[in-house]
Amino acid sequence: MTVGKDASSLFTDVVNCMQTENLELKKLVYLYLINYAKSQPDLTILAVNTFVKDSQDPNPLIRALTVWTMGFIRVDKITEYLCVPLQRCLKVIFCSIILYQVLAIFLCSVFYLFFISCINLTMLNIELDDDPYVRKTAAICVAKLYDINAELVGDRGFLNRLKDLISDNNPMVVANAMTALSEIQEHSFTTVFEITTPTLSKLLTALNECT
């Protein structure tokens, strides 16, 4: 592959190697997928289950590698399947839950409060990847996904999640979120992101922590 030879005939065999626990071998397999997925779109669907599994791996390097690879596989057929692993790596804010809780208090219903609390705890289980390396990689992946399917990025709320990452406590995550938003803005005919006073304050705070 690196010397210009066509290795696409090995696609199925290489996909089977995705199950390896060897990180270096997994990197090579993912690199192969990036190179040949576009010429083998029907077979690329075989990799979806492993992508989903790897996006939940205890090793943050594997989780980050997974979302990074997703951003470079430009195959429309599997793009929507790959949104779920990406969502696991990005912060999700459920504003509606707060409204429901306020309503519950207003109605003074003990049962209703208990019901909403259960929903809240269930949703928070998928709230945020705890590793900043994964989050910053996922931020860039959103910009790559936007190039493939801009409508999907909007429908799945990825733009709002990028904006949420500006409040992240890790400056590298903030920097990558801003880079992704800037890249998306360059390819969008509408205003995707505006720097307001509160946003500028967050950026300056992150800047103070950068080296």
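Everything here concerns the structure above.
Residues numbered from 1 in each chain as written. Predicted model: local features only at pLDDT ≥ 70, side-chain atom pairs only at ≥ 80, totals over all residues. Heavy atoms only, no water.

What to know about the overall build of the protein
1) Next: Assigned secondary structure in the protein consists of 14 helices and zero strands.
2) Next: Ordered by position in the sequence, the α and β elements of the protein form the string α-α-α-α-α-α-α-α-α-α-α-α-α-α.
3) Next: Here the contacts in the protein between residues at least 6 apart in sequence split such that 69% fall between residues at least 24 apart.
4) Next: A total accessible area of about 12,200 Å² is found for the protein, and carbon and sulfur atoms account for 59% of it. (Helix = DSSP H or I, 4+ residues; strand = E, 2+ residues; numbered from the N terminus. Contact = heavy atoms within 4.5 Å. Areas by Shrake-Rupley, 256 points an atom, 1.4 Å probe, with all protein chains shown as cover.)

Considerations on the packing of aromatic side chains
1) Next: Counted by the stated rule, this structure contains four aromatic pairs.
2) Next: Each ring, one from Tyr30 and one from Phe51, has its centre 5.3 Å from the other, and the planes form 55°; the classification is tilted. Of this pair, Tyr30 sits in helix α2 (residues 23-36) while Phe51 sits in helix α4 (residues 48-54), and the two are 21 residues apart along the sequence.
3) Next: Overall, the relative accessible area of 1% leaves Tyr30 in the buried class.
4) Next: Pairing Trp68 with Phe72 gives two aromatic rings, centres 4.7 Å apart and planes at 45°, and the pair type is tilted. (Phe/Tyr/Trp six-rings, centres within 6.5 Å; stacked < 30°, edge-to-face > 60°. Buried < 20%, exposed > 50% of the residue type's maximum accessible area, 1.4 Å probe, protein only.)

Considering the packing of helix α10 (residues 132-148) against helix α12 (residues 158-165)
1) Next: Interhelical geometry of α10 versus α12 gives an angle of 145° and a closest axis separation of 11 Å. α10 and α12 meet at a crossing whose hand is left-handed. Contact residues: α10 offers Arg135, Ala139, Val142 and Leu145, while α12 offers Phe158, Leu162 and Leu165.
2) Next: Its residues placed into classes, the contact of α10 with α12 shows six nonpolar, no polar and one charged. (Axes fitted to C-alpha atoms, helices over the stretch in contact; angles between N-to-C directions. Left-handed = near helix turned anticlockwise from the far one by under 90°. Nonpolar A, V, L, I, M, F, W, Y, C, P; charged D, E, K, R; others polar.)

Brief notes about α10
1) Next: Given a rise of 1.5 Å per residue, 17 residues ought to cover 24 Å, and the 25 Å separating the end C-alpha atoms of α10 matches this to within 8%.
2) Next: In terms of burial, α10 is largely enclosed, as 13 of its 17 residues are buried.
3) Next: The backbone nitrogen of Tyr133 has a side-chain oxygen 2.9 Å away, supplied by the residue at the start of α10, namely Asp131. (Expected span 1.5 Å × (residues − 1). Polar contact = N/O pair within 3.5 Å; in protein donor to acceptor, adjacent residues only side chain to side chain.)

A word on a nonpolar patch on the surface
1) Next: Side chains of Ile195, Leu200, Leu204 and Leu207 sit close together on the surface and give an oily, nonpolar patch of about 390 Å² of accessible area.
2) Next: As for its placement among the helices and strands, Leu207 is situated in helix α14 (residues 197-209).
3) Next: On the basis of relative accessible area, Leu207 is assigned to the exposed category, the value being 55%. (Patch = residues over 30% accessible without salt bridge, like charges linked within 9 Å, V, L, I, M, F, W, Y side chains within 5 Å. Salt bridge = Lys/Arg side-chain N within 4 Å of Asp/Glu carboxyl O.)

A word on the nonpolar core
1) Next: Core analysis: the biggest nonpolar cluster contains 54 residues, and Leu33, Phe51 and Leu86 have the highest contact counts within it.
2) Next: Among the elements that take part in this core, α10 stands out by supplying eight residues, more than any other.
3) Next: Once residues lying within four places of it in the same chain are set aside, the contact partners of Leu86 are Val67, Met70, Ala138, Cys141, Val142, Leu145 and Phe158. (Core = buried A, V, L, I, M, F, W, Y, C linked by side-chain atoms within 4.5 Å.)

Considerations on the pattern of salt bridges
Think of it this way: side chains of opposite charge can pair up when their charged atoms draw near.
1) Next: This structure, assessed with the given rule, holds five salt bridges.
2) Next: Between Arg63 and Asp130 there is a salt bridge whose closest N-O contact spans 3.6 Å. Here Arg63 is found in helix α5 (residues 60-72), whereas its partner Asp130 is found in the loop between α9 (110-124) and α10, with 67 residues between them in sequence.
3) Next: Two residues, Lys144 and Glu183, come together in a salt bridge whose shortest N-O distance is 3.9 Å. Pair noted here: Lys144 is in helix α10 and Glu183 is in helix α13 (residues 171-186), with a separation of 39 residues, a long-range link.
4) Next: The exposure class assigned to Lys144 is partly exposed, which follows from its relative accessible area of 21%.

So, the packing of α10 against α13
1) Next: Running from N to C, α10 and α13 point in directions that differ by 5°, and their axes come no closer than 8 Å. As far as their axial angle goes, α13 and α10 are roughly parallel. From α10, Pro132, Arg135, Lys136, Thr137, Ala139, Ile140, Val142, Ala143, Lys144, Tyr146 and Asp147 reach across to α13, where they touch Met172, Val173, Asn176, Ala177, Thr179, Ala180, Glu183 and Ile184.
2) Next: Taken together, the residues of the contact of α10 with α13 sort by class into eleven nonpolar, three polar and five charged. (Parallel < 35°, antiparallel > 145°, perpendicular 65-115°, else oblique.)

Here's the deal with the side chain of Thr69
1) Next: Along the chain, Thr69 turns up in helix α5.
2) Next: A polar atom in the side chain of Thr69 sits 2.8 Å from the backbone oxygen of Leu65.

Worth remembering: the numbers are spatial, not functional.
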